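Examining the three-dimensional arrangement
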Amino acid sequence: MATALLILHGLVAMALLGAITHQAVAIWVPLPTRPESFIGRFRAVSSDSFTNAVVVLYVLSAILGGIVYLYFRVEIKPVLEQTEHWQTISLFDIKEHFIAIGMALLPAYWVSWQEIIDREYSSSRIALTVMLTFIVWYGFLIGHIANNVRGFGL
Amino acid sequence: MNASHAFRRFAFAFGPAFAVTYVSAFKQDIAMFTVYPTRLLSFKTTQYMQDVTSANGLPAMHWYGWMATAALGAIIIGVFAILIPDRWLPWIWQGWVWLIPLVAMLMCVYFTLPMLRN
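Residues numbered from 1 in each chain as written. Chains lettered and ligands numbered in written order. Predicted model: local features only at pLDDT ≥ 70, side-chain atom pairs only at ≥ 80, totals over all residues. Heavy atoms only, no water.

Here's the deal with the pattern of salt bridges
If the charged atoms of two oppositely charged side chains come close together, the side chains can form a pair. To be explicit about the condition: We count a salt bridge whenever a side-chain nitrogen from Lys or Arg sits within 4 Å of a carboxyl oxygen from Asp or Glu. Working definition: helices are DSSP H or I runs of at least four residues, strands are E runs of at least two. Numbering for both runs from the N terminus. A 1.4 Å probe rolled over the protein chains alone gives each residue an accessible area, and that area as a share of the maximum for its type sets the label: buried under 20%, exposed over 50%, partly exposed in between.
By the definition in use, this model includes two salt bridges over all chains. With a shortest N-O distance of 3.7 Å, Asp 93 of chain A and Lys 77 of chain A are connected by a salt bridge. With Asp 93 of chain A in helix 4 (residues 86-112) and Lys 77 of chain A in helix 3 (residues 51-82), this pair connects stretches of sequence that are 16 residues apart. A relative accessible area of 14% places Asp 93 of chain A in the buried class. Arg 9 of chain B is the salt-bridge partner of Asp 86 of chain B, the closest N and O atoms lying 2.1 Å from each other. Placement of the pair is Asp 86 of chain B in the loop between helix 2 (63-83) and helix 3 (96-116) and Arg 9 of chain B in helix 1 (residues 3-28), with a sequence separation of 77 residues.

Set out below in structure tokens:
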């Protein structure tokens, strides 16, 4: 059960990672002309079309992560403590904090993408998108490191 | 004030308020409830092993409780933000919506540093 949930959590996280990375790249380096290269097309997506998907995937991923965290806390963390993987535990704890704060930013993120906004709100939109992108990437990478810590030889 | 305008205010207050209350709850260990995984029971407020003997000696989990504490505080502040008079709005910088959570995230890292240095 835990393994199935972990795989599902990972798949949802992958989808979220793709959606928010597309949006962040499109908003950060918008393309003025018709793209021809792969990178250009990656940058040229309609960035506002990802907003609802990002919100739904973030919440779904956080809920699944919250459930998987029960198994992690009971079965994995004690082993990491016994083997003195303090840095891995610390980085994972930071991930928990970031994910919680990121989830609270979703309403403001969603609102900032809903309408044509003035310049001041536009900077909030960019900042919130970049912050959420960082949180998602950090959570994804640290989740994988914690999951595969013995394979890293740490 | 229409519903979308009120929700906009709520949303822009909720994120920073949650970040502040979350860091406070984390630092002061103020969890609205504690979860014991095996018993799937939760108790009011932060509790430790010496307070309540967990079945099989398994851990007390506070993260969910910290989030609940922060959410409650943020909802209260968010509702308060809806009630703020319009004439006050020009004095409130929109950048707080991302700057406060950013500082909160850095504080979370700072509070975790002692364990990270081990």
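Additional details are given in the paragraphs that follow.
As for the UniProt feature "transmembrane region" (unreviewed entry) in chain A
All names here are of chain A. Our working definition: UniProt positions are given in the numbering used here, feature names are shortened, and annotations may be inferred rather than shown by experiment.
With numbering matched to this structure, UniProt assigns "transmembrane region" (unreviewed entry) to residues 50-72 and 126-146. Here residues 50-72 is 96% helix and 0% strand, with 31 Å between the C-alpha atoms at its ends. In this annotation, residues 126-146 is assigned 100% helix and 0% strand; the end-to-end C-alpha distance for the span is 30 Å.

Observations concerning the environment of Pro 114 of chain B
All names here are of chain B. Relative to the helices and strands, Pro 114 resides in helix 3. Residue classification places Pro 114 among the exposed residues on the basis of a relative accessible area of 53%. Distance in space between the C-alpha atoms of Pro 114 and Gly 15 is 27 Å, their sequence separation being 99 residues.

So, the packing of aromatic side chains
To be explicit about the condition: Pairing of aromatic rings covers Phe, Tyr and Trp, the last counted by its six-membered ring, and requires centre-to-centre distances within 6.5 Å; plane angles under 30 degrees mean stacked, over 60 mean edge-to-face, and any other angle means tilted. Note on criteria: charge over ring means Lys NZ or Arg CZ within 6 Å of the ring centre, with the direction from the centre no more than 35 degrees off the ring normal.
Inspection of every chain in the model, using the stated rule, returns 18 aromatic pairs over all chains. Summarising the aromatic geometry, the rings of Phe 98 of chain A and Phe 134 of chain A are spaced 6.0 Å apart at their centres and angled 50° between planes, so their arrangement reads as tilted. Note that Phe 98 of chain A is positioned in helix 4 and Phe 134 of chain A in helix 5 (residues 119-147), a separation of 36 residues in sequence. Ring centres of Trp 110 of chain A and Phe 7 of chain B lie 6.2 Å apart, and the angle between their planes is 75°; on these two criteria the pair is classed as edge-to-face. Linking Trp 110 of chain A in helix 4 with Phe 7 of chain B in helix 1, this pair reaches from one chain into another. What links up through ring pairs into an aromatic cluster is the set Tyr 69, Phe 72 and Phe 92 of chain A together with Trp 63 and Tyr 64 of chain B. Here Arg 125 of chain A stacks its cationic end above the ring of Trp 113 of chain A, 4.4 Å away from the centre of that ring.

A word on the side chain of Thr 69 of chain B
All names here are of chain B. Stated precisely, the cut-off is as follows: Polar contact is defined as a pair of N or O atoms within 3.5 Å, subject to the rule that within protein one atom must be able to donate a hydrogen and the other to accept it, and that residues adjacent in sequence are counted only when both atoms are side-chain atoms. The contact definition used throughout considers only heavy atoms, calling two residues in contact when any of these lie within 4.5 Å.
Inspection of the secondary structure assignment puts Thr 69 in helix 2. Separated by 2.8 Å, the side chain of Thr 69 and the backbone oxygen of Gly 65 make a polar contact. Sequence-distant contacts of Thr 69, that is, excluding residues within four places in its chain, are made with Ala 25, Ile 30, Ala 31 and Met 32.

Structural notes on the environment of Leu 70 of chain A
With respect to the element layout, Leu 70 of chain A can be found in helix 3. A residue is classified by how much of its surface remains accessible, and Leu 70 of chain A, at 22% relative accessible area, is partly exposed. For Leu 70 of chain A and Ser 112 of chain A, which are 42 residues apart along the polypeptide, the C-alpha to C-alpha distance reads 33 Å. For Leu 70 of chain A, the residues in contact, after removing those within four places along its chain, are Val 35, Pro 37, Met 61 and Tyr 64 of chain B.

Examining unusual backbone geometry
One non-glycine residue, Glu 84 of chain A, adopts positive backbone phi at about 60°. Its place among the elements puts Glu 84 of chain A in the loop between helix 3 and helix 4.

Describing the environment of Leu 99 of chain B
Looking at the element boundaries, Leu 99 of chain B is found in helix 3. A C-alpha to C-alpha distance of 8.1 Å links Leu 99 of chain B and Pro 16 of chain B, two positions 83 residues apart in sequence.

Remarks on the interface of chain B and chain A
We apply this condition: Buried surface area refers to the total accessible area, computed with a probe of radius 1.4 Å, that the two partners give up upon joining, counted for both partners together. In the scheme used here, Gly and all other residues not listed as nonpolar or charged are polar, with Ala, Val, Leu, Ile, Met, Phe, Trp, Tyr, Cys and Pro taken as nonpolar and Asp, Glu, Lys and Arg as charged.
Taken together, the contact pairs 35 residues of chain B with 34 residues of chain A. Of the roughly 3200 Å² buried between chain B and chain A, counting both surfaces, carbon and sulfur atoms make up 79%. For chain B, the biggest contributors to the area lost against chain A are Arg 8, Trp 63 and Met 105 of chain B; these three give 21% of the whole. Between chain B and chain A we count three residue pairs in polar contact (both at pLDDT 80 or more) in total. Of all the elements in the fold, those that place two or more residues in the side of chain B that touches chain A are helix 1, helix 2 and helix 3 of chain B. Per-element tally for the side of chain B that touches chain A: the top contributor is helix 3 of chain B, with 11 residues. Here the side of chain B that touches chain A is composed, by residue class, of 29 nonpolar, five polar and one charged.

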